[in-house]
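Summary of the model geometry
Residue-level listing of the chains:
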Amino acid sequence: MMKKYLLLTICFLMLITGCGKKSDMDVFNSVIDKSIDNLKIKGKIDMVTVLKEKEVDVSMNIDTNVTVKNDTVLFTSSIEKNTITDNITVYGELESNKLSLYMPSTVLDSKLGYNNEYSCWIIVDKLINNDISIFKIKKLQEALKKSVRSEDFTYIDKSGKTSHYKLKVTDNLLTRMYDSIDGIKEEILTEPINFDVYIKNNKIVKIEAENIEGIMKFSTDEEFKNIKKLSFSLELSDNKETVEISDDVKKRALTENAYKRMISINN
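Attention in this report is confined to the structure presented alongside it. This one's a predicted model, so the numbers in the text were calculated from it and none came from an experiment.

1. Concerning the overall build of the chain
- In terms of regular secondary structure, the chain is built from 8 helices and 12 strands.
- Looking at the 267 residues of the chain, the share that counts as buried comes to 45%.
- Here the chain displays about 14,400 Å² of accessible surface, and carbon together with sulfur accounts for 45% of that area.

Spelled out as structure tokens, the structure:
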């Protein structure tokens, strides 16, 4: 589940970062037009979600590097989570709507209750819904640019070279976005959702939001709909290092079932 939340965060940030005194809309259109091929994301995500019919508080500190090459999203992330004892590093590759994740076997050991000294890479391949495919991100990015109006994106103040704006997502804004992509909006956003957006040198450098769980009901993924509370504070910068998943990791990675068989044989 953690890996889905991480991927959703990355894709959302790509949406609004690829996503005065110019006019506020000039600023918005300028930052939304920027190509996000390399992105560094660092900060904290807090949520309350439902796991096995119980509400669980989840807090994650993440340090993530993203590279986009030929419509493929590659990312590596160091994650510190309140429900695991050690920091972990995961690699991910999103191509079309296929997600391949490479994670240390300790994550699976914790999930399955294994006490295993042997460490290896586990690969998880799955097809994901179009909510978070790279093609859907680009389509939604264009829809966001067409749909946001001056009342949705407003200037707040300035500190040094950093300007603070507020992006207010309302049901009317979502309706315009759905209409622009010929989509059908089956839910109603009863309360506006606010994102604090900080821009420096024509780039978004920080995004903060509190209590934005209402947006999750528009997802087609049941796990996202289980989120009862969601807040985050994330700093964004250029990623100076191209993300690569080494051939060694890919060749040596075991599927979850293969790893379980290996553990049962050794035990």
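2. Description of the packing of aromatic side chains
- Applying the stated criterion across every chain, the model contains 5 aromatic pairs.
- Measuring from centroid to centroid gives 4.8 Å for Phe153 and Tyr165, while their planes differ by 5 degrees, and the two rings are stacked. Placement of the pair is Phe153 in strand 7 (residues 153-159) and Tyr165 in strand 8 (residues 162-169), with a sequence separation of 12 residues.
- Seen from their ring centres, Tyr155 and Tyr165 are 5.5 Å apart, and the 75 degrees between their planes marks the pair as edge-to-face. With a gap of 10 residues between them, Tyr155 in strand 7 and Tyr165 in strand 8 connect regions that are remote in the sequence.
- Here Tyr155 falls in the partly exposed class, since its relative accessible area comes to 30%.
- Tyr165 gets classed as buried once you look at its relative accessible area, which sits at 2%.

3. A few points about the pattern of salt bridges
- In this structure the tally under the stated criterion is 8 salt bridges.
- Where Arg252 meets Asp248, a salt bridge forms, and the shortest distance between an N and an O atom there is 3.5 Å. Here the residue Arg252 and the residue Asp248 both occupy positions in helix 7 (residues 247-252), the gap between them amounting to 4 residues, near one helical turn.
- Here Arg252 falls in the exposed class, since its relative accessible area comes to 55%.
- Taking the relative accessible area as the measure of exposure, Asp248 reaches 45% and is therefore partly exposed.
- Between Lys260 and Glu256 there is a salt bridge, and its shortest N-O distance comes to 3.4 Å. Separated by 4 residues within a single helix, Lys260 and Glu256 lie in helix 8 (residues 256-266), roughly one turn from each other.

4. Re the nonpolar core
- Within the largest apolar cluster, 58 residues are counted, with the highest numbers of intra-cluster contacts made by Phe153 and Phe195.
- Leu74, Val243, Val249 and Ala253 belong to the second-largest nonpolar core, a separate cluster that totals 7 residues.

5. Section: helix 3 (residues 105-112)
- Those residues of helix 3 that fall on the buried side of the exposure criterion are Ser105, Leu108 and Asp109. Along helix 3, the residues classed as buried sweep out an arc of 105 degrees about the axis, all on the same side. Those residues of helix 3 that are exposed and aimed more than 90 degrees away from the buried face are Ser110 and Lys111.
- Looking one or two places after helix 3, you find Gly113, whose phi comes out positive at around 80 degrees.

6. What about the side chain of Ser147?
- Take Ser147: it is sitting in helix 4 (residues 134-147).
- Relative accessible area serves as the criterion here: at 3%, Ser147 is assigned to the buried category.
- Within the local environment of Ser147, its side chain forms a polar contact with the backbone nitrogen of Met177, the two atoms lying 3.4 Å apart.
- Each residue touching Ser147, except ones within four places of it in the same chain, is listed here: Asp152, Leu173, Arg176, Met177 and Ser180.

7. Description of the environment of Val243
- Relative to the assigned elements, Val243 resides in the loop between strand 11 (227-237) and helix 7.
- We classify Val243 as buried; its relative accessible area is 4%.
- In sequence terms Val243 and Lys69 are 174 residues apart; their C-alpha atoms lie 9.8 Å from each other.
- Excluding residues within four positions of it along the chain, Val243 makes contact with Asn65, Val66, Thr67, Leu74, Phe75 and Thr76.

8. Here we look at unusual backbone geometry
- Although it is not a glycine, Asn201 sits at a positive phi angle of roughly 50 degrees.
- Position of Asn201 relative to the elements: it lies in the loop between strand 9 (193-200) and strand 10 (203-209).
- For Asn201, a relative accessible area of 60% corresponds to the exposed category.
- Positive phi, normally seen in glycine, also occurs at Asn202, with a value near 65 degrees.
- Among the secondary structure elements, Asn202 is positioned in the loop between strand 9 and strand 10.

Cut-offs applied
Residues numbered from 1 in each chain as written. Predicted model: local features only at pLDDT ≥ 70, side-chain atom pairs only at ≥ 80, totals over all residues. Heavy atoms only, no water. Helix = DSSP H or I, 4+ residues; strand = E, 2+ residues; numbered from the N terminus. Buried < 20%, exposed > 50% of the residue type's maximum accessible area, 1.4 Å probe, protein only. Areas by Shrake-Rupley, 256 points an atom, 1.4 Å probe, with all protein chains shown as cover. Phe/Tyr/Trp six-rings, centres within 6.5 Å; stacked < 30°, edge-to-face > 60°. Salt bridge = Lys/Arg side-chain N within 4 Å of Asp/Glu carboxyl O. Core = buried A, V, L, I, M, F, W, Y, C linked by side-chain atoms within 4.5 Å. Arc of directions from axis to C-beta. Polar contact = N/O pair within 3.5 Å; in protein donor to acceptor, adjacent residues only side chain to side chain. Contact = heavy atoms within 4.5 Å.

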